[in-house]
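Take a look at the letters that make up each chain.
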Amino acid sequence: EIMPPQMIPLKPKSSLGAALRRTINEGDRNNYEWIQNEQIKWISSKKKELINLGFQTEDFSDAMMLPVTGKPSKSNNKLMEIGKMVTDLMYNMILFKFKELGVEPIGAGELDGPFADLGPVDLIQLTSGIHTVEALEMVRSHLLSAMGPMLPKSNEGLYTSAAKLPKLQLSQVYMTSVMFGYFLRRVDKSYQVAKSMKILDEPEFDEKSAVTRLEGYLRRRKMPLTDTESLSFLDSEYETESYDESEAEDGKRTISIQDYIQRFDQKTMIQSASLMSQEAAVLLQEYQYAHFGNIRDLQKEMAQAIGPMESPQPSQDQIVKKITEAVENDIVQTIVITFADQRRLILEAVAFGSFLREVEDHILKKADEDILTPLPQLPLDADNIRGMLPGI
């Protein structure tokens, strides 16, 4: 189990990470981008050297999962160092994106409780500064769903009303929002390309065949589907006019991003919602720990507070009642947080997930050798994924 120090921004674990962090703090954008891309190439060359020495993909995967208390061999140590460099690189790239927005991420200790005071943030930068118009509608739906039925109706109420929540619940909302942002960025990229090519307006639109056609076109143009530059290229190539929110040029309704996702089959839905790399999984585990502490301890604490139920299959209402009693009596760790701060926490988490997906794409594009370690496919359920997407 990874037990990182409770520190945000996370402390770099490699010399490369420390060097890039200094550049970020100095605010030298041009120098940062050059160093960032040079680090990708350097790490790529180092991984290629190890592969030439006979290391397999499984070796990198195993090294990423080694407990920090273990004593790795010299060869495993080299593999672990590569993993640390990649994780540092990814996190620094995310930090830089927040810095470009003028947003200071929530720091460690601000969610320790018993009261949270996250302070003001530029909500425009955390929303329209990151997401497309279509994606923003889904972010809004997710936000309303995550904040629950007690959400105040007035803006003043957001700042004057607060809720006492189990720390475990807040951590779950945060990580769900991160994964929502990751999923949304991945899907919105392909949606925007399909929209630019006017494929969405076809009467017999089929998501699977559309994606196949898009990939074929972009392969011929030698452009990755997830490359932001390819989107602008397609706009100029097809001289696409700006779309009305609901109508295409020929008067036909352009399907929304919600409808687009609704047409995903189970395999596509699971692939879209799955983390691409083990480095991303490790980074999220460290980040969650830094914000909320040991999640397993919080889970055990909640399980003990709920205790044995009278019924072998208790209803949702019975479980909620037990949790409410545990919160009211301070049997579990809690945080009193205003709805305004909840909003900031959720929007920042969605942004973090979106940036994480962008970072993975950028590394894949720039690396000569794939430096990301593939994450084994997890046994996800497409219906559960749809459950975190309100209106889908």
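1. Here we look at the overall build of the protein chain
Item 1. A count of helices and strands for the protein chain gives 17 helices and 2 strands.
Item 2. Out of the 392 residues in the protein chain, the part that is buried amounts to 48%.
Item 3. For the protein chain, restricting intrachain contacts to residue pairs at least 6 apart in sequence, the fraction spanning at least 24 positions comes to 81%.
Item 4. As presented, the protein chain carries roughly 20,000 Å² of accessible surface, and 50% of it is formed by carbon and sulfur atoms.

2. So, the packing of aromatic side chains
Item 1. Overall, the coordinates contain 6 aromatic pairs when judged by the stated rule.
Item 2. Relative to phenylalanine 96, the ring of tyrosine 32 has its centre 3.7 Å away and its plane inclined at 15°; by these criteria the two rings are stacked. Linking tyrosine 32 in helix H2 (residues 29-52) with phenylalanine 96 in helix H4 (residues 74-101), this pair joins segments that are 64 residues apart in sequence. There is no split in this pair, since tyrosine 32 and phenylalanine 96 are both buried.
Item 3. Between tyrosine 191 and tyrosine 260, the aromatic rings sit 5.4 Å apart at their centres with planes inclined by 65°, giving edge-to-face as the arrangement. With tyrosine 191 in helix H8 (residues 167-196) and tyrosine 260 in helix H11 (residues 257-262), this pair connects stretches of sequence that are 69 residues apart.
Item 4. Classification of tyrosine 191 as buried rests on a relative accessible area of 2%.

3. Considering the nonpolar core
Item 1. With 92 residues, the main nonpolar core has Met90, Leu111, Phe352, Leu356 and Ile363 as its most contacted residues.
Item 2. Residues within four places of leucine 356 in sequence aside, it is in contact with Met90, Ile94, Tyr182, Leu275, Ala280, Leu283 and Leu284.

4. Thoughts on unusual backbone geometry
Item 1. In this structure, aspartate 330 is a non-glycine residue whose phi angle is positive, near 55°.
Item 2. Given the relative accessible area of 48%, aspartate 330 is considered partly exposed.

5. Re the packing of H8 against helix H14 (residues 295-306)
Item 1. At a closest axis distance of 9 Å, the pairing of H8 and H14 adopts a crossing angle of 130°. Between H8 and H14, the angle is such that the two are oblique. Remark: the crossing between H8 and H14 carries left-handed chirality. Residues Lys167, Leu168 and Ser171 of H8 lie in contact with H14, whose contacting residues are Ile295, Leu298, Gln299 and Met302.
Item 2. Of the residues that constitute the contact of H8 with H14, the class distribution is 4 nonpolar, 2 polar and 1 charged.

6. Quick word on the pattern of salt bridges
Item 1. This structure, assessed with the given rule, holds 14 salt bridges.
Item 2. Among the salt bridges present, the one from arginine 29 reaches glutamate 33, with a minimum N-O distance of 3.0 Å. One end of the pair, arginine 29, and the other, glutamate 33, are both in helix H2, 4 residues apart, so they sit about a helical turn from each other.
Item 3. A relative accessible area of 37% places arginine 29 in the partly exposed class.
Item 4. Aspartate 330 is paired through a salt bridge with lysine 164; the nearest N and O atoms lie 2.8 Å apart. A residue pair is termed long-range when its members are at least 10 positions apart, and aspartate 330 in the loop between helix H15 (316-328) and strand E2 (334-338) and lysine 164 in strand E1 (residues 162-166) qualify at 166 residues.
Item 5. On the basis of relative accessible area, lysine 164 is assigned to the partly exposed category, the value being 35%.
Item 6. Shared partners join several salt bridges into a network, and the residues in it are Lys13, Asp88 and Glu286.

7. Quick look at the packing of helix H6 (residues 133-147) against H8
Packed helices, taken two at a time, are described by their axes: the angle between them and the distance between them.
Item 1. Their axes nearest at 10 Å, the elements H6 and H8 cross at an angle of 160°. Between H6 and H8, the angle falls in the class roughly antiparallel. Judged by the twist between their axes, the crossing of H6 over H8 is right-handed. Contact residues: Glu134, Ala135, Met138, Val139, His142 and Ala146 in H6; Val173, Thr176, Ser177, Phe180, Leu184, Asp188, Tyr191, Gln192 and Lys195 in H8.
Item 2. For the contact of H6 with H8, a count of residues per class yields 8 nonpolar, 4 polar and 3 charged.

8. Topic: the confidence of the model for the protein chain
Item 1. Here the protein chain shows a mean pLDDT of 79. Residues at 70 or above account for 75%.
Item 2. Averaged pLDDT values over the elements of the protein chain bottom out at 33 in helix H10 (residues 228-238) and peak at 95 in helix H16 (residues 339-366).
Item 3. Confidence drops under a pLDDT of 50 for residues 1-5, and excluding neighbours within four residues, the segment shows 14 contacts in the predicted structure.
Item 4. In this model residues 65-72 is a low-confidence stretch, pLDDT under 50, and it forms 9 contacts with partners more than four residues away in sequence or in other chains.

9. As for the pairing of E2
Item 1. Among the 5 residues that make up E2, 4 are buried, leaving the element largely enclosed by the rest of the structure.
Item 2. With 5 bridges connecting them, E1 and E2 associate as antiparallel partners. In the sheet register, alanine 163 faces E2, and the bridge partner there is isoleucine 337.

10. Quick notes on the environment of threonine 334
Item 1. Tracing the backbone through its elements, the reader meets threonine 334 in strand E2.
Item 2. Sequence separation between threonine 334 and leucine 165 is 169 residues, and the spatial gap between their C-alpha atoms is 5.4 Å.
Item 3. Every residue in contact with threonine 334, bar those within four places of it in the chain, is listed here: Gly113, Pro114, Lys164, Leu165, Pro166, Lys167 and Val327.

Analysis parameters
Residues numbered from 1 in each chain as written. Predicted model: local features only at pLDDT ≥ 70, side-chain atom pairs only at ≥ 80, totals over all residues. Heavy atoms only, no water. Helix = DSSP H or I, 4+ residues; strand = E, 2+ residues; numbered from the N terminus. Buried < 20%, exposed > 50% of the residue type's maximum accessible area, 1.4 Å probe, protein only. Contact = heavy atoms within 4.5 Å. Areas by Shrake-Rupley, 256 points an atom, 1.4 Å probe, with all protein chains shown as cover. Phe/Tyr/Trp six-rings, centres within 6.5 Å; stacked < 30°, edge-to-face > 60°. Core = buried A, V, L, I, M, F, W, Y, C linked by side-chain atoms within 4.5 Å. Axes fitted to C-alpha atoms, helices over the stretch in contact; angles between N-to-C directions. Parallel < 35°, antiparallel > 145°, perpendicular 65-115°, else oblique. Left-handed = near helix turned anticlockwise from the far one by under 90°. Nonpolar A, V, L, I, M, F, W, Y, C, P; charged D, E, K, R; others polar. Salt bridge = Lys/Arg side-chain N within 4 Å of Asp/Glu carboxyl O. pLDDT = per-residue confidence, 0-100. Pairing = 2+ DSSP bridges.

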